[in-house]
Amino acid sequence: KHNKLLYAACLTILLSETLAFLIGQVWGGITSLFLREMIEYDAYIITHFLSTAKTIIQDSSSIANIIGFSLIIIALIKDKTIKKSNLATIICFVVLGGIEIFLRTQTRYLEVNIFHSLAEIAVLIYFCILVICIERKQTNKPL
C-alpha cells in the first residue's frame, strides 16, 4: 500500500542513521586530528566538547529512531494492519530510550553500548515478528 505516514517513518529512520553515521565519521576524523594536542596539552575543553557533541548526536539519533518506529506503528494501526494494542510498544520505545539516556549519565560507555545493542536487538525482533504476523495475516486473506 502507498502510505505517506509509513514512508515518512522509514525516511526518518534512514536519514537519522545516515546522518549519525556520517557525523560520527567526521567526529572520528576530528578526534584523530586533535588527539596529539589533547594528550600533550591535557586539553580538557576539546575533549569535553567532542564528548558532549557525540552524546548529543547519539541522543538525537535515538530520538529520531523512536519517532520513526512510532510512526510505523501508528501507520500500520491506521491501515488496520495491526491492532491498537501495539500502541503499547511506543511506550516501550520511549522507556528504552529514556533508560539509555539516563545510563549515559550514570554508567560507563561500554555498559551503555551493551544496553543500546540489546535494545536494538529487542526492537528488531519485535519488527521481525510484526512482519511475519502481517505476512501470515495477508496470505490467509482471500483475494
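The following refers to the structure shown. Per chain, the residues get numbers from 1 upward, laid out in the order the sequence is written. Residue-level local features of this predicted model are given only where pLDDT is at least 70; pairs of side-chain atoms are given and counted only at 80 or more, and the full residue set underlies all totals for whole chains, interfaces and linings. To get the side-chain values, take all heavy atoms of the structure and skip hydrogens and water.

Some points on the nonpolar core
Taken as a class, soluble globular proteins show a tendency for nonpolar side chains to be buried jointly.
Thinking step 1. Put simply, buried Ala, Val, Leu, Ile, Met, Phe, Trp, Tyr and Cys residues joined by side-chain atoms within 4.5 Å make one nonpolar core. Think of it in three bands: with a 1.4 Å probe and only protein chains considered, a residue is buried below 20% of the maximum accessible area for its type, exposed above 50%, and partly exposed in between. Membership of the largest hydrophobic core comes to 16 residues, with the highest contact counts inside it found for Ile-73, Ile-82, Phe-93, Phe-127 and Leu-130.
Thinking step 2. Within the residue set of this core, elements represented by two or more residues are helix H1 (4–40), helix H2 (44–78), helix H3 (87–106) and helix H4 (109–140).
Thinking step 3. Among the elements that make up this core, the one with the highest residue count is H2 (six residues).
Thinking step 4. Whether two residues are in contact is decided by their heavy atoms, any of which lying within 4.5 Å being enough. When residues no more than four places from it in sequence are discounted, the contact partners of Ile-73 are Ile-82, Asn-86, Leu-87, Thr-89, Ile-90, Phe-93, Tyr-126, Phe-127 and Leu-130.
Thinking step 5. Counting residues in each nonpolar core, the second largest holds five residues, with Trp-27, Ala-43, Leu-50 and Ala-53 among its members. Helix and strand assignments come from DSSP, with helices taken as H or I runs of at least 4 residues and strands as E runs of at least 2, each series counted from the N terminus.

Considerations on the packing of aromatic side chains
Two measures describe an aromatic ring pair: the distance that separates the ring centres and the angle between the ring planes.
Thinking step 1. Classification of ring pairs uses Phe, Tyr and Trp, with its six-membered ring standing for Trp, and accepts pairs whose centres are within 6.5 Å; under 30 degrees between planes counts as stacked, over 60 as edge-to-face, and the remaining range as tilted. Tallied over the full model, the rule gives six aromatic pairs.
Thinking step 2. Seen in terms of ring centroids, Tyr-126 and Phe-127 are 5.3 Å apart; in terms of plane orientation they differ by 70°. Their pairing is edge-to-face.
Thinking step 3. Note on Phe-127: relative accessible area 14%, which makes it buried.

Considering the environment of Ile-132
Thinking step 1. Position of Ile-132 among the secondary structure elements: in helix H4.
Thinking step 2. Distance from Ile-132 to Ile-121, taken between C-alpha atoms, is 16 Å for residues eleven residues apart in sequence.

Side note on the side chain of Asp-59
Thinking step 1. Inspection of the secondary structure puts Asp-59 in helix H2.
Thinking step 2. You can call Asp-59 buried: its relative accessible area is 16%.
Thinking step 3. When sequence neighbours within four positions are dropped, the list of residues in contact with Asp-59 reads Ile-101 and Arg-104.

Digging into the pattern of salt bridges
Thinking step 1. What makes a salt bridge here is a side-chain nitrogen of Lys or Arg within 4 Å of a carboxyl oxygen of Asp or Glu, nothing more. According to the stated counting rule, one finds three salt bridges in the structure shown.
Thinking step 2. Between Arg-104 and Asp-59 there is a salt bridge, with its nearest N and O atoms 1.9 Å apart. Taken together, the residues span a long stretch of sequence, with Arg-104 in helix H3 and Asp-59 in helix H2 at a distance of 45 residues.
Thinking step 3. On the basis of relative accessibility, which here comes to 21%, the residue Arg-104 falls in the partly exposed class.
Thinking step 4. In this structure, Arg-104 and Glu-100 form a salt bridge, with 2.6 Å as the shortest nitrogen-oxygen distance. You can see Arg-104 and its partner Glu-100 sitting in helix H3, four residues apart, about one turn around the helix.
Thinking step 5. In the salt-bridge network here, residues are joined through shared partners; they are Asp-59, Glu-100 and Arg-104.

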